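Reading the structure
Listed below, chain by chain, are the residues.
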Amino acid sequence: MHVAGSIHADVASPAPVWLEKPSDANALDPKLWSISTTRADSGELRIGGLGVNELVERVGTPAYVIDEADFWERVERWKGAFDGWQIYYAGKAFLTTKIARWIDKAGLSLDVCSLGELTVALAAGFDPARIGMHGNNKTEQELRIGIEKGVGRIILDSFDEIERVERLAQEYGVVVPVMIRATTGVEAHTHEYIATAHDDQKFGFATTGGTALVALMRCYHSPRLNLLGVHSHIGSQIYDTDGFEVAARRTLKLFKQFQDATGEQITTLDLGGGFGIAYTSADTPADPETLAPALRDIIIHESRGYGIDVPELSIEPGRAIIGSAGTALYQVGTVKEVDLGGSESRTYISVDGGMSDNIRPALYGAEYSAVLGNRASGVAPKLSRVVGLHCESGDILVRDVFLPGDTGIGDIIAVPASGAYSRSMASNYNHTPRPPVVSVADGKIETLLRRETLEDMLRLDVGYEGSADE
Ligand code: LLP
């Protein structure tokens, strides 16, 4: 296990095997970049009809740019492919009131997993009936708001929560629509999955050992709960259907057990989110047009096998909707050549953001790609590492990328596939203000989240004269 501190350079093999040296470092791999991103004749990137130089001049760096056309294109593809399914956008990927309104306009439902996300959704005027509430430790306040507003479903995660919701439903004199979260022992990442007999983690009720069935029966017998069905979420960045197949088999077996016990069938199966996107050219996620029929076939097959009706289906994609729409823009501050021994060297390019706005590389070892955004360059590409400004050697944004050898101070580095789990997981580490998020479309910029200021942060510090507490 790696203890906090420096992550040591992999001196023996500076470039990972999956990373090909591009013949042209200015080229854009279409599977990585949002739909309206192009490289203009002038050499600069254009997103949503705006040149990166103008964007940076108006918005500053670091900044996150959401390509609105990409969002709509993806929403339509997912809706078309998953026709007949209910799609809940997972707000944890990235949520603002504006995004909630887009989701609403798109006719999608919304999955929230905290009081904060619920607050944003309600502040946007999102129809509570199309909100699903997740979380393994929803607060009483959160549950009260959800029940008062009449959310469409609460996904129950523990016996304590079943009791809590039942008590509140009793207090309000209502019947609350619920699902139970089943843990199927499947853990999927990219194209690998592990199916274990039991799942040693905090979410849901295990299908093995009968706990999930007990939870279902508990809800079924409660006059205050309207049991809609079963929810299963198996992981993140999943590229194929193998893990879903095992999860579907295990959850549908639960449907069958429930039917045997009660003579009734629960109606809804939610397969959760986790559909992957491409972060580097080596990534090969399945597209929704491939996933949807494959998942439906699996569910039909398994339902037949158990002799039950095919349930109503829903999914909760987050990253697959917003991830590829986002591009992060950073400005280069310093460039350093680090000798790796022999004839090898690595170029360290320091930019004005880092692990405070994108923790994913440091937290998960996530790989990204990048290009020079403000201009094209004819200089041969060099193996580079894009690093942040934070006080940690693990503060890496793009671990391995070939960037033009003349990348220098003042240049703009553009990182694709940055719409999900970057700004939404941002922190103020090292008292760094969090970057803004803007949307771009048809040459227009709209601010979704403004840039945080040093003053914003100082206002939380009650020792400061201008503190909000004064
Ligand atoms: N539904 C549930 C119950 C979830 O827990 C999640 C993600 C989703 C839906 C949406 O998953 P998506 O389609 O966006 O992959 N921070 C990590 C991802 C954690 C996701 C947690 N749950 C990352 O940056 O990769």
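Please read all numbers here as calculations on a predicted model, not as lab measurements.

1. Structural notes on the overall build of the chain
For the chain, the helix and strand inventory stands at 12 helices and 24 strands. On C-alpha atoms alone, the chain measures out to a radius of gyration of 24 Å, which is about the 23 Å that the 2.2 N^0.38 rule sets for 470 residues. Overall, the chain is about 70 × 55 × 45 Å in size when its C-alpha atoms are taken along their principal axes. When each of the 470 residues of the chain is scored for burial, the buried share is 51%. Across the chain, the fraction of contacts at a sequence separation of at least 24, relative to all contacts at a separation of at least 6, is 70%. When the accessible area of the chain is evaluated, it comes to approximately 20,000 Å², of which 51% is carbon and sulfur surface.

2. A few points about the site of the ligand
The local shell around the ligand holds 19 residues, among which Gly274, Glu316, Arg360, Tyr364 and Tyr421 are the closest. Interatomic distance of 2.8 Å between a backbone N/O atom of Arg319 and an oxygen atom of the ligand. Relative to its unbound accessible surface of 580 Å², the ligand loses 88% to contact with the protein. Looking at the shell around the ligand, its residues break down into 6 nonpolar, 7 polar and 6 charged. Shared between two domains, the shell around the ligand takes at least three residues from each, and those domains are domain 1 (38–60 + 334–431) and domain 2 (67–322).

3. Section: helix H8 (residues 242–262)
The end-to-end C-alpha distance of H8 is 31 Å, a good match for the 30 Å that 21 residues give at a rise of 1.5 Å each. The complete set of buried residues in H8 reads Gly243, Phe244, Val246, Ala247, Ala248, Thr251, Leu252, Leu254, Phe255, Phe258 and Thr262. One or two positions beyond H8, positive phi appears at Gly263, with a value near 80°.

4. Points about unusual backbone geometry
Pro62 follows Thr61 through a cis peptide bond whose omega is -10°. Its place among the elements puts Pro62 in the loop between helix H1 (52–59) and strand S4 (63–67). One non-glycine residue, Ala417, lies in the positive phi region at around 55°. Residue position: Ala417 is located in the loop between strand S22 (412–415) and strand S23 (437–441). A positive phi angle, close to 50°, is found at His431, a residue other than glycine.

5. A few points about the domain arrangement of the chain
Each assigned domain of the chain is listed here: domain 1 (38–60 + 334–431) and domain 2 (67–322). Once you take the C-alpha centre of each, domain 1 and domain 2 turn out to be 35 Å apart. Across the domain 1 to domain 2 interface the summed buried area is about 980 Å²; carbon plus sulfur atoms make up 60%. Area buried by domain 1 at its contact with domain 2 is led by Ala417, Gly419 and Tyr421, which between them contribute 43% of it. Applying the counting criterion to the domain 1 and domain 2 interface returns 0 salt bridges. For the interface between domain 1 and domain 2, the tally reads 4 residue pairs in polar contact (both at pLDDT 80 or more). Here the residues of the side of domain 1 that touches domain 2 sort into 5 nonpolar, 3 polar and 3 charged.

6. Side note on the environment of Leu228
Looking at where Leu228 falls in the secondary structure, it is placed in strand S13 (residues 225–231). Sequence separation of Leu228 and Ile266 is 38 residues, and the distance between their C-alpha atoms is 6.1 Å. Those residues in contact with Leu228, other than ones at most four positions away along the chain, are Gly152, Arg153, Pro177, Val178, Met179, Ile266, Thr267 and Thr268.

7. Observations regarding the sheet that holds strand S14 (residues 235–238)
With mixed pairing, 3 strands are arranged side by side in an open sheet as S11-S10-S14. The sheet is open, and its two borders are formed by strand S11 (192–195) and S14, each paired with just one other strand. Going across the sheet, the axis of each strand differs from the next one's by a mean of 20°, ignoring polarity. Here strand S10 (residues 186–190) pairs with S14 via 3 bridges, running parallel. The partner of His189 across the bridge, within S14, is Ser236. Most of the contacts of H8 go to S11, to which it runs at about 25°, and overall it touches S10, S11 and S14.

8. Details of the packing of helix H6 (residues 159–172) against helix H7 (residues 211–220)
One way to put it is that H6 packs onto H7 with a least axis distance of 11 Å and a crossing angle of 10°. Between H6 and H7, the interaxial angle falls into the category roughly parallel. Residue-level inspection shows Phe159, Ile162, Glu163 and Glu166 of H6 in contact with H7, the latter providing Thr211, Val214, Ala215, Arg218 and Cys219. Classifying every residue of the contact of H6 with H7 by side-chain character gives 5 nonpolar, 1 polar and 3 charged.

9. What about the sheet that holds strand S3 (residues 50–51)?
Taken together, the 3 strands give an open sheet; going across it, the order is S1-S2-S3, and neighbouring strands pair in antiparallel fashion. For this open sheet the edge positions go to strand S1 (38–39) and S3, each flanked by a neighbour on one side alone. As paired elements, strand S2 (residues 45–47) and S3 share 2 bridges and run antiparallel to each other. Counterpart to Ile47 in the pairing with S3 is Leu50.

10. Concerning the packing of H7 against H8
A pair of packed helices can be characterised by two numbers: the angle between their axes and the separation between those axes. Taken N-terminus to C-terminus, the directions of H7 and H8 make an angle of 50°; their axes are 10 Å apart at the nearest point. Accordingly, the angle class assigned to the pair H7 and H8 is oblique. The way H7 lies across H8 gives a crossing that is right-handed. Contacts from Ala212, Leu213, Leu216, Met217 and Tyr220 of H7 reach H8 at Leu254, Gln257, Phe258, Ala261 and Thr262. Residue composition of the contact of H7 with H8, by class: 8 nonpolar, 2 polar and no charged.

11. Here's the deal with the pattern of salt bridges
If the charged atoms of two oppositely charged side chains come close together, the side chains can form a pair. Counted by the stated rule, this structure contains 24 salt bridges. In this structure, Asp104 and Arg130 form a salt bridge, with 3.0 Å as the shortest nitrogen-oxygen distance. In this pair, Asp104 sits in helix H3 (residues 97–105) while Arg130 sits in the loop between helix H4 (115–123) and strand S7 (131–133), placing the two residues 26 residues apart along the sequence. Asp406 is the partner of Arg375 in a salt bridge, and the nearest nitrogen-oxygen pair spans 3.0 Å. Taken together, the residues span a long stretch of sequence, with Arg375 in the loop between strand S19 (371–372) and strand S20 (381–387) and Asp406 in the loop between strand S21 (396–404) and S22 at a distance of 31 residues. Given a relative accessible area of 23%, Arg375 falls into the partly exposed group. Members of the salt-bridge network, linked through shared partners, are Glu140, Arg144, Arg167 and Glu171.

Analysis parameters
- Residues numbered from 1 in each chain as written.
- Predicted model: local features only at pLDDT ≥ 70, side-chain atom pairs only at ≥ 80, totals over all residues.
- Heavy atoms only, no water.
- Helix = DSSP H or I, 4+ residues; strand = E, 2+ residues; numbered from the N terminus.
- Rg over C-alpha atoms; globule rule 2.2 N^0.38 Å.
- Buried < 20%, exposed > 50% of the residue type's maximum accessible area, 1.4 Å probe, protein only.
- Contact = heavy atoms within 4.5 Å.
- Areas by Shrake-Rupley, 256 points an atom, 1.4 Å probe, with all protein chains shown as cover.
- Near = heavy atom within 4 Å.
- Polar contact = N/O pair within 3.5 Å; in protein donor to acceptor, adjacent residues only side chain to side chain.
- Nonpolar A, V, L, I, M, F, W, Y, C, P; charged D, E, K, R; others polar.
- Domains from an automatic or database assignment.
- Expected span 1.5 Å × (residues − 1).
- Buried area = accessible area lost by both parts, 1.4 Å probe.
- Salt bridge = Lys/Arg side-chain N within 4 Å of Asp/Glu carboxyl O.
- Pairing = 2+ DSSP bridges.
- Axes fitted to C-alpha atoms, helices over the stretch in contact; angles between N-to-C directions.
- Parallel < 35°, antiparallel > 145°, perpendicular 65-115°, else oblique.
- Left-handed = near helix turned anticlockwise from the far one by under 90°.

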